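Chains, contacts and geometry: an overview
The primary structure of each chain is shown beneath.
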Amino acid sequence: MLQLGFVSLRAQFGFNPDEAGRLFEVSKKVLADIGNVVPFDPMIMLKQDAIAANERMKSSRIDLLIMQIGTFPSGELLPLLVKDLPVPVLLWALPEPPFDGGALQFNSLCGVHLMASLLKRSHRPFDYVHLSPEGDTTELSRYLKAFEVARDLKKMRVGLVGSHTPGFDAMAVDALSLKEKIGPEVVYIGLNEVFQGAETVSKSHRETLMQQIGRQFHNAGELPTEKIDKFAKTYAP
């Protein structure tokens, strides 16, 4: 399960921090259905708040920092918040309530624009969503599910037995590119290692596998029993 660091930033003056704070609480419940939420309370307004939040996130070993912009914050908070935190950032803009002719309630999307420009300048990976936690959150859940898959791929080790047939170069595995672009590590397994392991498979296990093969392939009986036995012990889990 993802470790989701979650903070909300706000301005020192103006806007509607009470409503932004309410939506912050609603957002926690939305995220709790997707991952393990590591929140920082209260909303971040001052530099010392950002420093404290940074320490909490680092000690919690989060996978992603979700930064909701409650009301338009100071750009000085961002460097303190992400210092030495080696994870991507997901910026979350809150839609502005219907305009009634008075002051803006959040100015959240402009705050996301500010934070995005600062993250880009500092070469930090980030993305953003623009949605209400009380509305359709499909975009958010899809993003986090895709992020979790990408994270798991970076931890994956894929066994490769043998190699491609000479001349079939299009079938070759480019282990370096795979690691660089997607993340999995290719582990090479020699055929000798496979065959040696096959000899340790018990007779009863082989017989069970041979029965499964017979049920799965209607023409398995056309093969000699010794070949099916060899197949079963070679591919035994």
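Before any of the text, the structure's been laid out above.
Next up on the list: unusual backbone geometry. With omega at -5 degrees, the peptide bond leading from Asp41 into Pro42 counts as cis. Mapped onto the elements of the fold, Pro42 is located in the loop between strand S2 (36–39) and helix H2 (47–59). Positive phi values are uncommon outside glycine, yet Asn107 reaches one of about 55 degrees. Note that Asn107 resides in the loop between strand S4 (89–93) and helix H4 (108–121). For His123, which is not a glycine, the phi torsion comes out positive at approximately 60 degrees. Topologically, His123 is positioned in the loop between H4 and strand S5 (126–130). Of the residues examined, His123 reaches a relative accessible area of 72% and is grouped as exposed.

What follows concerns the environment of Glu207. Relative to the elements of secondary structure, Glu207 occurs in helix H8 (residues 203–216). Separated by 152 residues in sequence, Glu207 and Glu55 place their C-alpha atoms 57 Å apart.

Moving on: a nonpolar patch on the surface. Nonpolar side chains collect at one region of the surface, where Phe15, Phe99 and Leu104 lie side by side and expose about 310 Å² of accessible area between them. By the secondary structure assignment, Leu104 is in the loop between S4 and H4.

Now for the sheet that holds S2. The sheet built from 5 strands is open, its strands ordered S2-S1-S3-S4-S5 with parallel pairing. Of all strands in the sheet, those with a lone pairing partner are S2 and S5, marking the two edges. Between one strand axis and the next, the sheet turns through 25 degrees on average, direction left out of account. Against the sheet, helix H1 (residues 17–32) engages strand S1 (3–9), S2, strand S3 (64–69) and S4, with an angle of about 170 degrees to S1.

So, on to the pairing of strand S7 (residues 185–189). With 5 bridges joining them, strand S6 (residues 157–161) and S7 adopt parallel strand pairing. Note on S7: the bridge partner recorded for Val158 is Val186. Regarding the hand of the β-α-β motif, the stretch spanning S6, helix H6 (residues 175–181) and S7 is right-handed.

A few words now on the packing of aromatic side chains. Within the structure shown, the criterion is met by 4 aromatic pairs. Between Tyr143 and Phe147 the ring centres are 6.4 Å apart and the planes differ by 25 degrees, which places this aromatic pair in the stacked class. Of this pair, Tyr143 and Phe147 are both found in helix H5 (residues 138–155), 4 residues apart, which corresponds to roughly one turn of the helix. Aromatic pair Phe231 and Tyr235: ring centres 4.7 Å apart, planes at 35 degrees, arrangement tilted. Its end group placed over the ring of Phe24, Lys28 keeps NZ or CZ at 4.6 Å from the ring centre.

Reading the values: the criteria
- Residues numbered from 1 in each chain as written.
- Predicted model: local features only at pLDDT ≥ 70, side-chain atom pairs only at ≥ 80, totals over all residues.
- Heavy atoms only, no water.
- Helix = DSSP H or I, 4+ residues; strand = E, 2+ residues; numbered from the N terminus.
- Buried < 20%, exposed > 50% of the residue type's maximum accessible area, 1.4 Å probe, protein only.
- Patch = residues over 30% accessible without salt bridge, like charges linked within 9 Å, V, L, I, M, F, W, Y side chains within 5 Å.
- Areas by Shrake-Rupley, 256 points an atom, 1.4 Å probe, with all protein chains shown as cover.
- Salt bridge = Lys/Arg side-chain N within 4 Å of Asp/Glu carboxyl O.
- Pairing = 2+ DSSP bridges.
- Axes fitted to C-alpha atoms, helices over the stretch in contact; angles between N-to-C directions.
- Contact = heavy atoms within 4.5 Å.
- Right-handed = clockwise from strand over helix to strand, strands pointing away.
- Phe/Tyr/Trp six-rings, centres within 6.5 Å; stacked < 30°, edge-to-face > 60°.
- Lys NZ or Arg CZ within 6 Å of the ring centre and 35° of its normal.

Any functional reading would require information beyond the geometric quantities listed.
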